[in-house]
Amino acid sequence: MRAMQRVTAKICGLSTPDTVDAAVRHGASHAGFVFFPKSPRHVSFEQAAALTMRLPRHVGRVGVFVDPEEAVVDQAIRIGGVDTIQLHGKEPPERLAALRARHPGIAVWKAVPVRTRADLDAAARYRPVADLILYDAKTPEGTLPGGMGLRFDWALLDGFRHPQRWALSGGIDADNVADAAGRTGARLIDISSGVESAPGIKAVDKIAAFLQRVATL
Ligand SMILES: O=C(O)c1ccccc1NCC(=O)[C@H](O)[C@H](O)COP(=O)(O)O
């Protein structure tokens with residue numbers, strides 16, 4: 001009999017060596033670095049390079065972008081050392097196809113903002129071009145498209161046939177992650193605000209508590 005895949009986690013919006021080290025020490029599968037100047041978690045390519053260098057090979061290095069210019073993605077990969085592109089803007093499937101062609105060997109993830117059941121339909125459009133769909137809470141107009149600590153109604157995923165590999169994010173923390181994974185069946189959980197003491201300030205103790213909880217799932 002095959003063992004059930006355990007739950008893994010991506011800690012997003014890392015910007016300091018001590019919080020990167022905490023994520024690794026406590027078993028994160030992925031580390032996320034935000035390349036979006038409006039975000040309090042924004043890092044430069046050089047900062048990202050210094051942080052990704054600390055990661056062991058088995059930890060994914062995810063660059064988070066919002067409708068990025070080509071050069072931004074190029075430099076995040078070449079200088080920053082990211083191996084996965086996570087897109088949070090209005091990028092159409094054609095943009096993902098172009099990024100795949102330009103960056104062979106780099107995974108491409110698409111965030112799908114969710115408020116209603118109909119929002120889930122967008123996932124199917126990305127099936128041929130995305131390695132993973134990240135269901136995230138839809139945020140209010142004029143605010144950041146992610147990292148807002150908002151959650152959507154997980155019941156929307158009940159009975160939904162996922163077109164491809166997927167992950168769950170939005171308003172998750174150490175207290176609700178068991179419910180989030182149990183209710184939805186998610187095997188990869190993405191978190192940002194839930195392991196912070198203030199927007200953009202990751203907290204080592206919260207990262208530890210969250211990942212210790214994930215390890216029990
Ligand atoms: O985190 C940001 O500042 C951010 C800015 C712009 C686009 C995306 C961003 N974050 C994406 C993430 O992967 C977050 O982890 C995800 O939205 C969940 O955030 P949270 O609800 O705060 O856990």
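Residues numbered from 1 in each chain as written. Predicted model: local features only at pLDDT ≥ 70, side-chain atom pairs only at ≥ 80, totals over all residues.

- By the naming in an unreviewed UniProt entry, the protein chain goes by N-(5'-phosphoribosyl)anthranilate isomerase and is assigned to Rhizorhabdus histidinilytica.
- Recorded in UniProt for the protein chain, the comment headed Sequence similarities (unreviewed entry) runs: "Belongs to the TrpF family." (UniProt positions renumbered as here; feature names shortened; annotations may be inferred.)

**Points about the UniProt feature "domain: N-(5'phosphoribosyl) anthranilate isomerase (PRAI)" (unreviewed entry) in the protein chain**
Okay, so step 1: Under the local residue numbering, the UniProt record ascribes the feature "domain: N-(5'phosphoribosyl) anthranilate isomerase (PRAI)" (unreviewed entry) to residues 9-212.
Okay, so step 2: Between the end C-alpha atoms of residues 9-212 there is a gap of 11 Å, over a span that is 28% helix and 22% strand. (Helix = DSSP H or I, 4+ residues; strand = E, 2+ residues; numbered from the N terminus.)

**Some details on the site of the ligand**
Okay, so step 1: The environment of the ligand is made up of 27 residues, and the closest members are Cys12, Ser39, Gly146, Gly147 and Ser193.
Okay, so step 2: Of all the secondary-structure elements, those providing two or more residues to the shell around the ligand are strand E2 (30-34) and strand E8 (188-191).
Okay, so step 3: Class assignment of the residues belonging to the shell around the ligand gives a composition of 11 nonpolar, 13 polar and three charged. (Near = placed C-beta within 6 Å. Nonpolar A, V, L, I, M, F, W, Y, C, P; charged D, E, K, R; others polar.)

**As for the confidence of the model for the protein chain**
Any region with low pLDDT has predicted coordinates that should not be read closely.
Okay, so step 1: Mean pLDDT over the protein chain works out to 96, with 98% of the residues at or above the 70 mark.
Okay, so step 2: With a pTM of 0.95, the predicted complex shows an ipTM of 0.98. (pLDDT = per-residue confidence, 0-100.)

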